[in-house]
Amino acid sequence: MIDLLQPGLLAVALLAPLAWFLPRRIEDPRLAALRAAAIVLLALAAARPVRVGSDDAARRAVIVDGSESVDGADLVAARAAARRLVSAAGAAALSVEVGAAADGPSPDDVERVSIGAGPAGGSPLGRALATAMRSFPRDARGSITLFSDGLATDPHAAPAIEAAAERGIPVHVVPLAPTAAPVTVTGLRARGALVAGQSARIVVECVGDAPEVDVTLATEAGPVATRTVDSSGGRVAVELGFEPPRGGFLALTATARPKGAGSVDGARARATRTFAVQEPLRVLHLGGRATGGGERLAAAIGAGFEVVSGVAASEEGVGRLDRFDVVVIDDLPAEAIPESLQRSLAEAVERDGVGLFACGGRSAFGPGGWADTALAELLPVEARQKEEKRDPSTTLVVIIDTSGSMGGNRVQLAKEVARLAIRRLLPHDKVGIVEFYGAKRWAAPIQPASNAIDIQRALNRLDAGGGTVILPAIEEAFYGLQNVRTRYKHVLILTDGGVERGAFEPLLRKMADEGMNVSTVLIGPDAHSEFLVSLAQWGKGRFYSVPNRFNLPEILLKQPTSARLPAYRPGVHPIRARAFATFLGDVDVREAPPLAGYVETSARPAATRVLETVESAHPILATWPVGAGVVTAFTTEPTGEGTGPWREWGDAGRLLARALARTAGGKARPFAVRAARVDHEVIVTARRTGRGEARPTLVWVDGPRAAPAFEERADGRFEARFVADPDRDVRLEVAVEGDPAAPSTRAFVVRRGDVRDELRVDPADRLDLARLAAVTGGVVVPLREAAAFDPPAGGGPGASRLIELRPVLALLALLVWMGELLYRRRPLAGGGP
């Protein structure tokens, strides 16, 4: 079958008839035919005719992993075997060298390719397999032989393996041994964001056969953390803590050495990575009861916080709350913060994720009047101050009419009323009994009410007889009450109302002025009550009527009161950790001195009690989430009287810093940022952390450059994409568009994305060579047998081969043209020219 690759050029053949007329008419038809034939052959050659045939020859690709991770002796043997394989295949062979330049002589007709050579290095086995697969024409037969240790530095071999399996090209594998190393640092990563001055946790991943390993984390200034761990299991993840000194971009180097070794063993035992470090957390301090509280707090918690002292008297004195990570209310009474500011702060916690740290002593929580305020329900402790009901002391003097008119049941009824009144008294109260019957006398002098037997005997001895003269009895009670010291003083007069006239009103008003109340009880039916009502009014008491034993009144002698108990508890109070150890990190409170005072509160049911007193289990540090934020209560002064003994405790500042850091929501930075690399493209995503309509913008750290615009992919979620050199790190910041005063968020994108360093590939992530051979139909060949190995080929029925006819046609055109020349110069008949 013959096809034309450029059939349009056949139009040149239409010029063939011109050979009969140009440059002049030719009389000899054979000469014109030769010229026309030459033109037609040239036109056919220009149209590029081809014949489609088949090529059953098998091609052979040989890949040699020459990277640093391969054992040197195995690499020499592998290269020797590979040269034999490509020499045997000749022109149908491809030699691929991975991780180094092609080494050693090779036949001139063998194609050679180097992948991963140069400063970047590595073992990009995925690229090598893809290069080998591209060398096989469609439906061609062939095989790939891979010499490697499987420690690929890129994870992109799957597409090439799938292509080989789909086309039936077998990949034969010759495993090579990796270089031996007692310990290898395979990775460096951070737990959470790094913030200047805050405790950062860096995880160093190591593999090796050393029983114990010393792992060190260092900056350019020197080591910052060291730890010895048991690595007998062959794999260990070591967590090291340190505090970044400042914001920016910080390069950290992790080294690992077997315990007791004098030096680090090669590049495998060392790894360096750069991390983005955010600026310190911003703290708004609202204090004032203690001068310089904000400065002392800043000195205690260290460089991880930027403490700004605000004026709590107005919202203008604190500024925008969403520009702070946490607000500290330090020993302030509720009345010092306007209700409007309290509501704004509650809204900032619930909606914007601002942290609230309430602390203090004598002016905080219950003593500070925080109960029933706008912030009370946000606190993880009850701020209400306890109250105690008190029954104040009382002295009761009972004046009983025992005149003749009280005869019969009336005197017994009066005794019963007196008994009921006396029973209402408590042991700390006092009671006395005065009777009048024309004269007056103390039937029972004033004495403690606890002497119940003597008082009852005195009542039982009373009997009716004599006249009714009551004024002297009242005077006797008045003089007797002047000598007692109780909260209340009460006189109870029991009579049938038939009394003499006298100067009652001045006496009773004087008694009332001196705190002595006089109440009257009318005993019996058909008695005179008007005078007794007046007596009760003058004495500021009550009037009662008792017509019979079925209508006994409840005599009110005193009013119980309630008083607030002191909530601040000075003294010596040891504390203990209750739960939630991650809240305090590595701070050991067992070493903390006892507190010198704290505010007694009770934790809410859903709150987490972090610290509490040993003796009473009262919360000292409690926390819980509220809406988008976190609220923490510290029931003593952070730098005042209560924590005075902590001044000699080295971890006091770290405990406060840890508590503030866990309370801070990190929402002062308007955007949460993630950056990742996919080959040559960097993808930056920014999520709005608070309310509002803020939009992100990119700021280049490494110099001016056209910044790509963010596109909003969802509500509050933005994405920017740009092309970056895969062999260069990218340092950037995400700021708020149009608001240069707003804090920005840093991000660091490592070079080459998911491509790993050659000497730090985790053996657990190595390419499974045996499975690779099985999936593609290949075999696993030991290195010692590779020199004699004849790799079986697979694939299609054979590659299609195009045989070009253009050279033949061009040669024929040339021959015809030369024939035309010879024909014109042939000798003419008759010897003429």
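Residues numbered from 1 in each chain as written. Predicted model: local features only at pLDDT ≥ 70, side-chain atom pairs only at ≥ 80, totals over all residues. Heavy atoms only, no water.

> I would appreciate a short explanation of the overall build of the chain in the present structure.
Along its length, the chain carries 14 helices and 44 strands. The buried share of the chain, taken over its 833 residues, is 47%. Split by element, the accessible area of the chain, about 39500 Å² in all, is 52% carbon and sulfur. (Helix = DSSP H or I, 4+ residues; strand = E, 2+ residues; numbered from the N terminus. Buried < 20%, exposed > 50% of the residue type's maximum accessible area, 1.4 Å probe, protein only. Areas by Shrake-Rupley, 256 points an atom, 1.4 Å probe, with all protein chains shown as cover.)

> Honestly, the sheet that holds strand β39 (residues 711–714) in this entry has me stumped. Any pointers?
In any sheet, the strands associate via hydrogen bonds between backbone groups, in a parallel or an antiparallel arrangement. Pairing is antiparallel across the open sheet formed by 4 strands, whose spatial order is β36-β37-β40-β39. Sheet topology places β36 (671–678) and β39 at the edges, where each strand pairs with a single neighbour. Going across the sheet, the axis of each strand differs from the next one's by a mean of 25 degrees, ignoring polarity. Two elements, strand β37 (residues 681–688) and strand β40 (residues 717–723), share 7 bridges in a ladder whose sense is antiparallel. Bridge pairing in β40 links Glu 681 to Val 723. (Pairing = 2+ DSSP bridges. Axes fitted to C-alpha atoms, helices over the stretch in contact; angles between N-to-C directions.)

> Mind showing me how you'd approach the pairing of strand β34 (residues 619–626) here?
Moving residue by residue along a regular strand, the side chains alternate between the two faces of the sheet. The element β34 is extensively covered by neighbouring structure, given that 7 of its 8 residues are classed as buried. As judged from the 4 bridges shared by strand β33 (residues 608–613) and β34, these two strands associate in the antiparallel manner. Residue pairing across strands places Glu 612 opposite Pro 619, the latter belonging to β34. The antiparallel pairing of β33 with β34 creates a hairpin that spans 5 residues between the two strands, and Ala 617 there sits at a positive phi of about 60 degrees.

> Before we go on, may I ask you to explain the side chain of Glu 719 in this structure?
Mapped onto the secondary structure, Glu 719 falls in strand β40. The class for Glu 719 is buried, based on a relative accessible area of 15%. A polar side-chain atom of Glu 719 sits 3.4 Å from a polar atom in the side chain of Arg 713. In contact with Glu 719, other than residues within four places in its own chain, are Ile 683, Val 684, Thr 685, Ala 709, Phe 710, Glu 711 and Arg 713. (Polar contact = N/O pair within 3.5 Å; in protein donor to acceptor, adjacent residues only side chain to side chain. Contact = heavy atoms within 4.5 Å.)

> What should I look at first to understand helix α10 (residues 504–513) in this one?
An α-helix turns once per 3.6 residues; consequently, residues spaced three or four apart project the same way. Those residues of α10 that fall on the buried side of the exposure criterion are Phe 504, Leu 507, Leu 508, Met 511 and Ala 512. Taken end-on, α10 shows its buried residues confined to a sector of 135 degrees, consistent with a single buried face. Among the exposed residues of α10, those pointing more than 90 degrees away from its buried face are Pro 506 and Asp 513. For α10, the secondary structure elements touched by its buried residues are α9 (471–481), β25 (488–495), β26 (516–523), α11 (530–538) and β27 (540–546). (Arc of directions from axis to C-beta.)

> Is there a simple way to explain the packing of helix α1 (residues 29–46) against helix α14 (residues 806–824) in this structure?
Axis angle and axis distance: for two packed helices, these are the angle between their axes and the distance between the axes, and together they describe the pair. Put simply, α1 and α14 touch, their axes get as near as 8 Å, and they point 160 degrees apart. It follows from the interaxial angle that α1 and α14 lie roughly antiparallel. As α1 runs across α14, the sense of the crossing is left-handed. Mapping the contact onto sequence places Arg 30, Leu 31, Leu 34, Arg 35, Ala 37, Ala 38, Leu 41, Leu 42, Leu 44 and Ala 45 in α1 and Arg 806, Leu 809, Ala 810, Leu 812, Ala 813, Val 816, Trp 817, Gly 819, Glu 820, Tyr 823 and Arg 824 in α14. (Parallel < 35°, antiparallel > 145°, perpendicular 65-115°, else oblique. Left-handed = near helix turned anticlockwise from the far one by under 90°.)

> What's the story with the pattern of salt bridges in this structure? I'm lost.
Summed over all chains, the structure comprises 33 salt bridges. Ionic pairing is found between Glu 719 and Arg 713, a salt bridge with its closest N-O pair at 3.4 Å. Owing to a relative accessible area of 52%, Arg 713 belongs among the exposed residues under this scheme. Among the ionic contacts, a cluster of salt bridges with common partners joins Glu 681, Glu 711, Arg 713, Glu 719 and Arg 721. (Salt bridge = Lys/Arg side-chain N within 4 Å of Asp/Glu carboxyl O.)

> Explanation requested: the nonpolar core in the structure shown.
Soluble, globular proteins show a tendency: their nonpolar side chains are buried together. Ranked by internal contacts, the top residues of the largest apolar core, which has 34 residues, are Val 327, Ile 329, Leu 345, Phe 365 and Val 631. Where this core is concerned, the elements lending two or more residues are β16 (281–286), β18 (326–330), α6 (339–352), β19 (355–359), β34 and β35 (629–634). Once you skip the residues sitting within four places of it in the chain, Leu 345 turns out to touch Leu 321, Val 327, Ile 329, Leu 356 and Leu 375. With 32 residues, the next largest nonpolar core counts Phe 357, Ile 575, Leu 611 and Leu 621 among its residues. (Core = buried A, V, L, I, M, F, W, Y, C linked by side-chain atoms within 4.5 Å.)

> What's the story with unusual backbone geometry in this structure? I'm lost.
Keep in mind that most residues, glycine aside, have a negative phi and that most peptide bonds are trans. Positioned with a positive phi, Asp 372 is a non-glycine residue whose angle comes to about 65 degrees. Mapped onto the fold, Asp 372 is located in the loop between β19 and β20 (381–382). Asp 372 sits in the exposed class, given a relative accessible area of 63%. Here Lys 540, not a glycine, exhibits a phi torsion of approximately 55 degrees, which is positive. With respect to the helices and strands, Lys 540 occurs in strand β27.

> Got a minute to help me understand the environment of Val 678 in this structure?
Within the secondary structure, Val 678 is located in strand β36. When the C-alpha positions of Val 678 and Ala 724 are compared, they lie 9.9 Å apart, and in sequence the two are 46 residues distant.

> Can you help me understand the packing of helix α4 (residues 158–167) against helix α13 (residues 769–776) in this one?
As a packed pair, α4 and α13 sit with axes 8 Å apart at the nearest point and diverge in direction by 35 degrees. Side by side, α4 and α13 meet where Ile 161, Ala 164 and Ala 165 of the first sit next to Leu 772, Val 775 and Thr 776 of the second. Each residue belonging to the contact of α4 with α13 can be placed in one class, and the counts come to 5 nonpolar, 1 polar and no charged. (Nonpolar A, V, L, I, M, F, W, Y, C, P; charged D, E, K, R; others polar.)

> So what exactly am I meant to see when it comes to the sheet that holds strand β41 (residues 730–736) here?
Read from one edge of the open sheet, 3 strands run β38-β41-β42, paired in antiparallel fashion. Of all strands in the sheet, those bounded by a partner on one side alone are β38 (696–700) and β42 (745–749). This sheet shows a mean twist of 30 degrees between the axes of neighbouring strands, independent of strand direction.

> What should I look at first to understand a nonpolar patch on the surface in this one?
A cluster of nonpolar residues, Val 808, Leu 811, Leu 812, Leu 814, Leu 815, Trp 817 and Met 818, forms a patch on the protein surface that exposes about 650 Å² of accessible area. Counting through the fold element by element, Leu 811 comes out in helix α14. A relative accessible area of 47% places Leu 811 in the partly exposed class. (Patch = residues over 30% accessible without salt bridge, like charges linked within 9 Å, V, L, I, M, F, W, Y side chains within 5 Å.)

> Would you take a moment to explain the side chain of Thr 623 for this structure?
Within the fold, Thr 623 resides in strand β34. In terms of polar contacts, Thr 623 uses its side chain to reach the side chain of Thr 632, at 3.0 Å.

> I would appreciate a short explanation of the pairing of β38 in the present structure.
Of the two faces of β38, the one lined by Pro 696, Leu 698 and Trp 700 is fully buried and the one lined by Thr 697 and Val 699 carries no buried residue. Where β38 lies against β41, 5 bridges are found, and the strand directions are antiparallel. The residue bridging Trp 700 from the neighbouring strand is Leu 732, located in β41.

> I tried to follow the packing of aromatic side chains on my own but got confused; where do I start?
Describing an aromatic ring pair means giving the distance of the ring centres and the angle of the ring planes. What the rule picks out here adds up to 8 aromatic pairs. Note on Trp 700 and Phe 722: the rings are 4.9 Å apart at their centroids and 90 degrees apart in plane angle, and the pair reads as edge-to-face. With a gap of 22 residues between them, Trp 700 in strand β38 and Phe 722 in strand β40 connect regions that are remote in the sequence. Taking relative accessible area as the criterion, Trp 700 reaches 13% and is therefore assigned buried. By relative accessible area, Phe 722 is classed as buried at 7%. Clustering of aromatic rings is evident, with ring pairs tying together Phe 357, Phe 634, Trp 646 and Trp 649. The ring centre of Phe 324 lies 4.7 Å from the NZ or CZ of Arg 282, which sits over that ring. (Phe/Tyr/Trp six-rings, centres within 6.5 Å; stacked < 30°, edge-to-face > 60°. Lys NZ or Arg CZ within 6 Å of the ring centre and 35° of its normal.)

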